[in-house]
Structure formats: structure tokens, C-alpha cells
Amino acid sequence: MARHIVLDTETTGLDPRSGHRIIEIACVEVVDYMPTGREFHQYIQPDRPIDPDAERVHGISAAHLKDKPRFHDPLVVDAFLEFIGGDTLVAHNAPFDRGFINAELERCGRPCPPDDRWVDTLAMAKKKFPGMYNSLDALCKRMKISLAGREKHGALIDSNLLAMVYLELQGGKERALDLTSTMAVRAANAAVQAAYGARPRPLACRITEDERAAHEAFIKGVLKDKAVWLQLS
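Remember, predicted model here, so these are calculated numbers, not experimental data.

## Observations concerning the overall build of the protein chain
Alright, step 1. Looking only at helices and strands, one finds nine helices and five strands in the protein chain.
Alright, step 2. Counting the 233 residues in the protein chain, one finds 38% classified as buried.
Alright, step 3. When contacts within the protein chain are restricted to residue pairs at least 6 apart in sequence, long-range pairs at least 24 apart make up 66% of them.
Alright, step 4. In the form shown here, the protein chain has an accessible surface area of approximately 14200 Å², with 56% of it arising from carbon and sulfur atoms.

As C-alpha cells, this is what we get:
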């Protein structure tokens, strides 16, 4: 199974190199391009002011973060690293989130996920929709994904929206149905194989010659050329 982690962050500002920090991080587990319902979500005390422009975007105030854990707290860093494991990380404008996450991990003395583990949905969208506006909001509207209840940016709601956008960028609901169907058939076949083992020889045909002749007569006399399977032969 292919496991991906769709994630988003909210921050105190735009540049981790100037000391800005993560104040919210969320991850959504996606297996075979379908969200599983497993999530990781945490607000974080940044120990620095939040830029007014950033607060207007996400609506998270310093007062809201007053009693929240720091990133180096095991509730955050250990839980985050355990959740993402060694799987692919998906983000919209991935270099932004990657820069902040790497900066926080480096402060904790933890290794950063290699760059080749990251997938940037913004780059995917630009390739699929060249010359168009490809923000997360724009993609949701284009793909008819509901934005109900999203008044401001938030890491958890944006991660869930991005998981749906990622599915559409990978081929949409048709691919999901195909994957689901394929997985169900494989599971059923595996269960039968495990329970009964391989059939040593094919089943013998149980229809008699009289039954075969009666069936052919019905086709010729009633259905005639309207039999669907005759159109496929």
C-alpha cells in the first residue's frame, strides 16, 4: 500500500531564517490515495510575537497559544515524527512548509526528512492548469470541493482539503473507485485462497445438451438480434 502524509502548517510569519516559527501543524494520512481518517494535529507555543499580517490570515492569536507545548516537547516532535514515519510528505507550496519544519527539527537536533520525500501539489497544479490561479481555494472551487466552514486558513482543515485536491490531481474519484474495487477483489481472492487453497481442476460444465438447445431456441425466438452479448462478439 502507498502511504502519503498530507500536511499543512500555520506560522508566525513568512521566513524561518528570520526566526519565524510554526504555531500549528496538522497531518492527514492517505493510503492508496484515500484518506483513512487518521490525523495528527497540534497548536504550538512559538515564544515570539505573531506578525499581524499572518494573524489576519489564520486568526491564531498569542493568547490562544499561551498554554500550548513547544515544538521540542515530545507531545509535538516525537508524535509528529512517529506519525509521518518514512512516508511521502505532501504539501501545497511544499518548500514553505518544508523550510519551517526543517528549521524546527534542526532546533531539536532531529534529522530532517530528505527533500525527495516531498511532493508539492502547487507544482502539480501549475503543470496541470498552466497560467491559472492555483491556490488551495482556487483548486477547491475548480474541483467542486466544498469550502463550507473555512472562514480562515487552518492547518487541519487545509490538510483535509488538500487530501481531496491531491486525489483529484492524481486522477480523481474514478481512480479512487478503481483502487477500491481492485483492493476489494484482491482481498476476496486472498481470503478464498487462504480458506480453500488452489482448485486442483476446473469445475465440469453442469448444463445438459437439452438445456443448451432450449436456451439457443429462446435466444433465436424471443431475443433474436437484441441479445446484448451478440453485439460484443
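## Considering the sheet that holds strand 1 (residues 3-11)
Alright, step 1. If you trace the five strands from one edge of the open sheet to the other, you get 3-2-1-4-5, paired in mixed fashion. For this open sheet the edge positions go to strand 3 (34-43) and strand 5 (118-120), each flanked by a neighbour on one side alone. On average, each strand axis in the sheet is inclined to that of its neighbour by 25 degrees, with strand direction left out of account.
Alright, step 2. Inspection of the sheet shows strand 1 paired to strand 2 (residues 22-31) by nine bridges, in the antiparallel sense. Residue pairing for strand 2: isoleucine 5 is matched across the bridge by glutamate 29.
Alright, step 3. Its contacts with the sheet put helix 3 (residues 94-107) on strand 1, strand 2, strand 4 (88-91) and strand 5, and the angle it makes with strand 1 is roughly 80 degrees.

## Side note on helix 8 (residues 209-223)
Alright, step 1. Taking 1.5 Å per residue, 15 residues should reach 21 Å; helix 8 reaches 20 Å between its end C-alpha atoms and fits that length.
Alright, step 2. Immediately downstream of helix 8, the backbone of lysine 224 shows phi near 55 degrees, a positive value.

## Considering the layout of surface pockets
In this approach a probe as big as a water molecule rolls over the atoms, and the regions it shows empty are the leftover space.
Alright, step 1. Roughly 680 Å³ of internal volume is contained in the largest pocket.
Alright, step 2. In this structure, the largest pocket is lined by 25 residues; those nearest its centre are Asp8, Glu10, Val57, Phe96 and His153.
Alright, step 3. Contributions of two or more residues to the lining of the largest pocket are made by strand 1, helix 1 (52-58), helix 3, helix 5 (136-142) and helix 6 (155-169).
Alright, step 4. Of all the elements, strand 1 adds the most residues to the lining of the largest pocket, at five residues.

## Some remarks on the packing of aromatic side chains
Alright, step 1. Scanning the entire structure with this criterion turns up four aromatic pairs.
Alright, step 2. Between phenylalanine 96 and phenylalanine 100, the ring centres sit 5.0 Å apart and the planes meet at 50 degrees, which makes this aromatic pair tilted. Residue phenylalanine 96 and its partner phenylalanine 100 are located together in helix 3, separated by four residues, close to a single helical turn.
Alright, step 3. Taken together through their ring pairs, the aromatic side chains of Phe40, Phe80 and Phe83 make up a single cluster.
Alright, step 4. Over the face of the ring belonging to phenylalanine 83 we find arginine 3, whose NZ or CZ atom lies 5.5 Å from the ring centre.
Alright, step 5. When the ring centre of phenylalanine 129 is taken as origin, the NZ or CZ atom of arginine 142, which lies over that ring, is 4.7 Å away.

## Let's talk about the environment of arginine 110
Alright, step 1. Residue placement: arginine 110 occurs in the loop between helix 3 and strand 5.
Alright, step 2. Sequence separation between arginine 110 and leucine 81 is 29 residues, and the spatial gap between their C-alpha atoms is 9.5 Å.
Alright, step 3. Discounting residues that sit within four places of it in the chain, arginine 110 has contacts with Val77, Asp78, Leu81 and Leu105.
Alright, step 4. Of the polar contacts made by the side chain of arginine 110, one reaches the side chain of aspartate 78; its length is 2.7 Å.

## Quick look at the pattern of salt bridges
Alright, step 1. In the structure shown here, the tally under the stated rule is 14 salt bridges.
Alright, step 2. With a closest N to O distance of 2.7 Å, arginine 110 and aspartate 78 form a salt bridge. Taken together, the residues arginine 110 in the loop between helix 3 and strand 5 and aspartate 78 in helix 2 (residues 77-84) connect sequence positions 32 residues apart.
Alright, step 3. The class of aspartate 78 is partly exposed, set by a relative accessible area of 33%.
Alright, step 4. The closest approach of N and O atoms between glutamate 104 and arginine 107, which form a salt bridge, is 3.5 Å. Here glutamate 104 and its partner arginine 107 are both found in helix 3, three residues apart, which amounts to about one turn of the helix.
Alright, step 5. On the accessibility criterion, glutamate 104 (1% relative accessible area) is buried.

Calculation rules
- Residues numbered from 1 in each chain as written.
- Predicted model: local features only at pLDDT ≥ 70, side-chain atom pairs only at ≥ 80, totals over all residues.
- Heavy atoms only, no water.
- Helix = DSSP H or I, 4+ residues; strand = E, 2+ residues; numbered from the N terminus.
- Buried < 20%, exposed > 50% of the residue type's maximum accessible area, 1.4 Å probe, protein only.
- Contact = heavy atoms within 4.5 Å.
- Areas by Shrake-Rupley, 256 points an atom, 1.4 Å probe, with all protein chains shown as cover.
- Pairing = 2+ DSSP bridges.
- Axes fitted to C-alpha atoms, helices over the stretch in contact; angles between N-to-C directions.
- Expected span 1.5 Å × (residues − 1).
- 1 Å grid on protein atoms, 1.4 Å probe; cavity = no way out; pocket = protein on both sides within 12 Å on 5 of 7 lines; lining within 4 Å.
- Points joined across faces, edges and corners; volume = space filled by probe spheres on them.
- Phe/Tyr/Trp six-rings, centres within 6.5 Å; stacked < 30°, edge-to-face > 60°.
- Lys NZ or Arg CZ within 6 Å of the ring centre and 35° of its normal.
- Polar contact = N/O pair within 3.5 Å; in protein donor to acceptor, adjacent residues only side chain to side chain.
- Salt bridge = Lys/Arg side-chain N within 4 Å of Asp/Glu carboxyl O.

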